[in-house]
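# Observations on the model geometry
Given next are the chains, with one letter for each unit.
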Amino acid sequence: MSNVYDIIIIGGGPAGLSAGLYGSRSKLSVLVIEKGKFGGQATTTAELENYPGSIENCTGPALTERMKKQAEEFGTEFIKDEVVSVDFTSDIKKVLCKNGEYNAKAVIIATGAEPRLGGFEREIELRGRGVSYCATCDADFFEGLDVAVIGGGDSAITEAIYLTKFAESVTVIHRRDSLRAAKSLQEKAFNNPKIKFIWNSVVTCAKGDEILESLTVKNVVTGETSEISVNGVFVFVGLNPITSVFKGHINLNESGYIPTDENMRTNVEGVFAAGDVRVKSLRQVITAAADGAIAAVAAEEYINEKFNK
Amino acid sequence: MIEVNKDNFEAEVLNYKEKPVFVDYWGDKCETCKQLMPDVHKLEEKYGDKIKFCSLNTSQNRRLAIAQKVLGLPTMIVYVNGEKAEVLTPDKISSAADIEEMLKKF
Ligand SMILES: Cc1cc2nc3c(=O)[nH]c(=O)nc-3n(C[C@H](O)[C@H](O)[C@H](O)COP(=O)(O)OP(=O)(O)OC[C@H]3O[C@@H](n4cnc5c(N)ncnc54)[C@H](O)[C@@H]3O)c2cc1C
């Protein structure tokens, strides 16, 4: 058989990069396949202040760039391609991409997650025209303008605070009457004069001719609707795992996440999962990196047992 | 790639008639945009004889971008005779292959 890697890692976010580092540092041959941008979701945040040690110069892009470099220095190979199908039925696993096929003794799935849609009318049509899922990418456009943020969790509130550096006003629209975000974030948000809140409310419709001009907001308690004028809306209402490629090849839970044991093993021998794609309680860079490390070490043990006896 | 801005946008894009004009809207803080850039340069080598390639830094030309109805990054637009013929908004771009699909139409 042509070139067989020890480990193929699918996805180049924090989980994949950390698995690459640990794998190649153990002198294994490791390939990371990434379809979009190395660094994954972490590249979409400018405020990564909860990764230990990240006090200075710790934007998401800066941190993950360093992670990639570190893995590269230990010999991890990287390619840009999209995995479109897999075959996990034999000892040598096959990973099929748009532009080639790769083989490995073990596979680590680190495909992460993507933002869930807000679920309002014309959301898709106005994407990139005022509807955004990435404040870091698009905040610039809204200098001096009014924007809204949908959501009440850590991401929503962190990004709302970030947006106040650009926007004239930031209106947080949340379907409950209190925030889920960490207390310290809540405090910052409540004390920020540019941030307003609309509680118990959901966005039902986006309006505008080619670009966003206003949102229809519905109070879920009273049923009343109102209109707010904004040029941008940033949606942070949770995540969906990126696992459709693996359906039928490994077990997924009802939401599409991959269940693993504490060594990141899936139900298929030699196939591991790490990061946001996994069933877990805390989806962050630190836990993604930790998963990646554990998965790489478990994969190494598996390879030694299975192939080197 | 020609770097277009508020001073030359009209001449290089809107009033240019010889071939379709591709504009890569990017920004200083858009990581996806920056990671796509080398691939876009490769696409220029491949399609440059049929399509004119431009890039526009929206961080420095915000008003111009908004006037073109661009409010999200990355956005890729092909203009024909000064009119928008194809638009790829950020959700439709997961890799350079998506951009190539659009360019193949011209
Ligand atoms: C706006 C925002 C703010 C955040 N803020 C923080 C924060 O302050 N602190 C913190 O700790 N965490 C934060 N997070 C969460 C953090 O970014 C994620 O937990 C982390 O990135 C998960 O890493 P991952 O490697 O598991 O997945 P991801 O980062 O999602 O990376 C997965 C990668 O796999 C690739 N991929 C998917 N499918 C394929 C395929 N078929 N073929 C090839 N490649 C594929 C994707 O393109 C992606 O690059 C934030 C997230 C968001 C969205």
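Only a predicted model underlies this, so the values are computations on that prediction, with no experimental measurement involved. (Residues numbered from 1 in each chain as written. Chains lettered and ligands numbered in written order. Predicted model: local features only at pLDDT ≥ 70, side-chain atom pairs only at ≥ 80, totals over all residues. Heavy atoms only, no water.)

Our focus in this paragraph is the overall build of chain A. Counting secondary structure elements, chain A contains six helices and 17 strands. Since a compact globule built from 309 residues should have a radius of gyration of about 19 Å, the 21 Å found for chain A is in line with a globular shape. In terms of overall dimensions, chain A has a C-alpha envelope of 70 × 40 × 35 Å along the principal axes. By residue count, 53% of the 309 residues in chain A fall in the buried class. Summarising the internal contacts of chain A: among those between residues at least 6 apart in sequence, 59% fall at separations of at least 24. For chain A, the accessible area works out to roughly 13,900 Å², and carbon and sulfur atoms hold 47% of it. (Helix = DSSP H or I, 4+ residues; strand = E, 2+ residues; numbered from the N terminus. Rg over C-alpha atoms; globule rule 2.2 N^0.38 Å. Buried < 20%, exposed > 50% of the residue type's maximum accessible area, 1.4 Å probe, protein only. Contact = heavy atoms within 4.5 Å. Areas by Shrake-Rupley, 256 points an atom, 1.4 Å probe, with all protein chains shown as cover.)

Time to look at the pairing of strand 4 (residues 75-80) of chain B. Residue and element names in this part refer to chain B. Burial analysis of strand 4 places five of its six residues in the buried class, which makes it a mostly covered element. The pairing of strand 2 (residues 21-26) with strand 4 spans five bridges and is classified as antiparallel. Its bridge partner lying in strand 4, valine 21 is registered against tyrosine 79. With five bridges joining them, strand 4 and strand 5 (residues 83-88) adopt antiparallel strand pairing. If you follow isoleucine 77 over to strand 5, its bridge partner there is valine 87. (Pairing = 2+ DSSP bridges.)

Another point: the side chain of Thr287(A). Residue and element names in this part refer to chain A. Here threonine 287 lies in helix 6 (residues 285-307). We classify threonine 287 as buried; its relative accessible area is 17%. Residue contacts for threonine 287: discarding those within four places in its chain leaves Lys280 and Leu282.

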